[in-house]
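Each chain, letter by letter, is given below.
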Amino acid sequence: MDKLTQAFNFRHACKKFDDTKKINNDDIEYILEAGRQSPSSFGMEPWHFVIVDSSKIKAELRNVCYNQEQVTSCSHFVIALYRKANNFTSQSDYLRRAIARTLPDPNNQTSIDIACQAFINFCEQGLADGLTINHWSEMQDYIACANMMTAAAFRGIDSCAIGGFDHDKVIKILEKHIPQIGEESFGVGLCLAFGYRINEPATHIRWPLADVTTYLTDNH
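Remember, predicted model here, so these are calculated numbers, not experimental data.

### Details of the nonpolar core
Membership of the largest hydrophobic core comes to 25 residues, with the highest contact counts inside it found for Leu61, Phe77, Ile79, Leu81, Val170 and Val188. Elements supplying a minimum of two residues to this core: β1 (47-52), α3 (55-63), β2 (76-83), β3 (158-162), α8 (167-177) and β4 (186-195). Sequence-distant contacts of Val188, defined by excluding residues within four places in its chain, comprise Ile79, Ala80, Leu81, Tyr82, Glu138, Phe165, His167, Val170 and Ile171. Counting 17 residues, the second-largest nonpolar core is a separate cluster that includes Ile28, Trp47, Ala144 and Met149.

Dropping the structure here:
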């Protein structure tokens, strides 16, 4: 079995971490780098990761994550934020900087204007019915989060993806500690708990590959 397959088999939704064990800085940066290197639609990387290594703040967050034990027992709690629609207007600093870095001349404002408008046109016309820029941005978080959990497993570190939380209250806690992160510009896509397991997990339950795949070939 190759190492990547071993990592997939190792990873599980760890509900109880050993709160006496801490992940070292090198491993945390390895995990975060997997998130940073992740692909995103249009290469916009509309995420920002908040790493919580404070027992006090983790306790605050547990209260708004439906009292899930892994929030406080984990070594590091990562909140994956996504950028909201006001980051993607023709005059928004984030969109203009993201576009500029892809152009031959990153200082050509006319080229930036044209490329920004092309992206905005896609968001207005190319997204599925009912899908907003906020939804599009939030979906990118899941790509980065999946890669971070796999990277953690590759290093023998456990994780748990947490989607159960009071979104507005999580943002308020972050806003209190990091004033530049506000609900007008950021939303919470997913939370990730990282640490080391106490108990061995049950065997993965997955549908067989044949049940979740369909091939279209020239002989179809």
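So much for the structure itself; the text now carries on.
### Notes on the pattern of salt bridges
Applying the stated criterion across every chain yields a total of 14 salt bridges. Linking Glu33 and Arg36 is a salt bridge whose minimum nitrogen-to-oxygen distance equals 2.6 Å. With Glu33 and Arg36 both in helix α2 (residues 25-36), this residue pair falls three residues apart, about one helical turn. Exposure remark for Glu33: the relative accessible area of 31% places this residue in the partly exposed category. Within this structure, Asp26, Asp27 and Arg155 form a network of salt bridges that share partners.

### So, the side chain of Gln140
On the secondary structure map, Gln140 appears in helix α7 (residues 133-154). Discounting residues that sit within four places of it in the chain, Gln140 has contacts with Ser40, Ser41, Pro46 and Trp47.

### Quick word on the packing of helix α5 (residues 93-100) against helix α6 (residues 109-125)
Where α5 contacts α6, the two axes come as close as 9 Å, and the packing angle between them is 110°. It follows that α5 is roughly perpendicular to α6 by the angle criterion. Residues Leu95, Arg96, Ile99 and Ala100 of α5 form the contact with α6, whose own contacting residues are Gln109, Ile112, Asp113, Ala115, Cys116, Phe119 and Ile120. Residues that form the contact of α5 with α6 fall into these classes: eight nonpolar, one polar and two charged.

### Some points on the pairing of β2
In regular strands, side chains alternate between the two faces of the sheet. Of all eight residues making up β2, eight are buried, and the element is well covered by its neighbours. Note: β1 against β2, six bridges, orientation antiparallel. Within the sheet, the bridge partner assigned to Val50 lies in β2 and is Ile79. Note: β2 against β4, eight bridges, orientation antiparallel. The residue of β4 that forms the bridge with Ala80 is Leu190.

### What to know about a nonpolar patch on the surface
Nonpolar side chains collect at one region of the surface, where Leu4, Phe8 and Phe154 lie side by side and expose about 290 Å² of accessible area between them. The exposure class assigned to Phe154 is partly exposed, which follows from its relative accessible area of 42%.

### Quick word on the environment of Leu131
Turning to its location among the elements, Leu131 is positioned in the loop between α6 and α7. A relative accessible area of 27% means that Leu131 is categorised as partly exposed. Each residue touching Leu131, except ones within four places of it in the same chain, is listed here: Trp136 and Met139.

### What about the packing of aromatic side chains?
Under the criterion given, the structure shown has seven aromatic pairs. Consider the rings of Phe42 and Phe119, whose centres lie 5.1 Å apart with planes at 85°: the pair is edge-to-face. Note that Phe42 is positioned in the loop between α2 and β1 and Phe119 in helix α6, a separation of 77 residues in sequence. Classification of Phe42 by relative accessible area gives partly exposed; the value is 48%. Put simply, the rings of Phe42, Phe88, Tyr94, Phe119, Phe122 and Trp136 touch in pairs and so form one group of aromatic residues. The side chain of Arg83 reaches across the aromatic face of Tyr94, ending 3.9 Å from its centre. A cation over an aromatic ring shows up here: Arg155 above the ring of Tyr30, its NZ or CZ 3.7 Å from the ring centre.

Conventions we followed
- Residues numbered from 1 in each chain as written.
- Predicted model: local features only at pLDDT ≥ 70, side-chain atom pairs only at ≥ 80, totals over all residues.
- Heavy atoms only, no water.
- Core = buried A, V, L, I, M, F, W, Y, C linked by side-chain atoms within 4.5 Å.
- Buried < 20%, exposed > 50% of the residue type's maximum accessible area, 1.4 Å probe, protein only.
- Helix = DSSP H or I, 4+ residues; strand = E, 2+ residues; numbered from the N terminus.
- Contact = heavy atoms within 4.5 Å.
- Salt bridge = Lys/Arg side-chain N within 4 Å of Asp/Glu carboxyl O.
- Axes fitted to C-alpha atoms, helices over the stretch in contact; angles between N-to-C directions.
- Parallel < 35°, antiparallel > 145°, perpendicular 65-115°, else oblique.
- Nonpolar A, V, L, I, M, F, W, Y, C, P; charged D, E, K, R; others polar.
- Pairing = 2+ DSSP bridges.
- Patch = residues over 30% accessible without salt bridge, like charges linked within 9 Å, V, L, I, M, F, W, Y side chains within 5 Å.
- Areas by Shrake-Rupley, 256 points an atom, 1.4 Å probe, with all protein chains shown as cover.
- Phe/Tyr/Trp six-rings, centres within 6.5 Å; stacked < 30°, edge-to-face > 60°.
- Lys NZ or Arg CZ within 6 Å of the ring centre and 35° of its normal.

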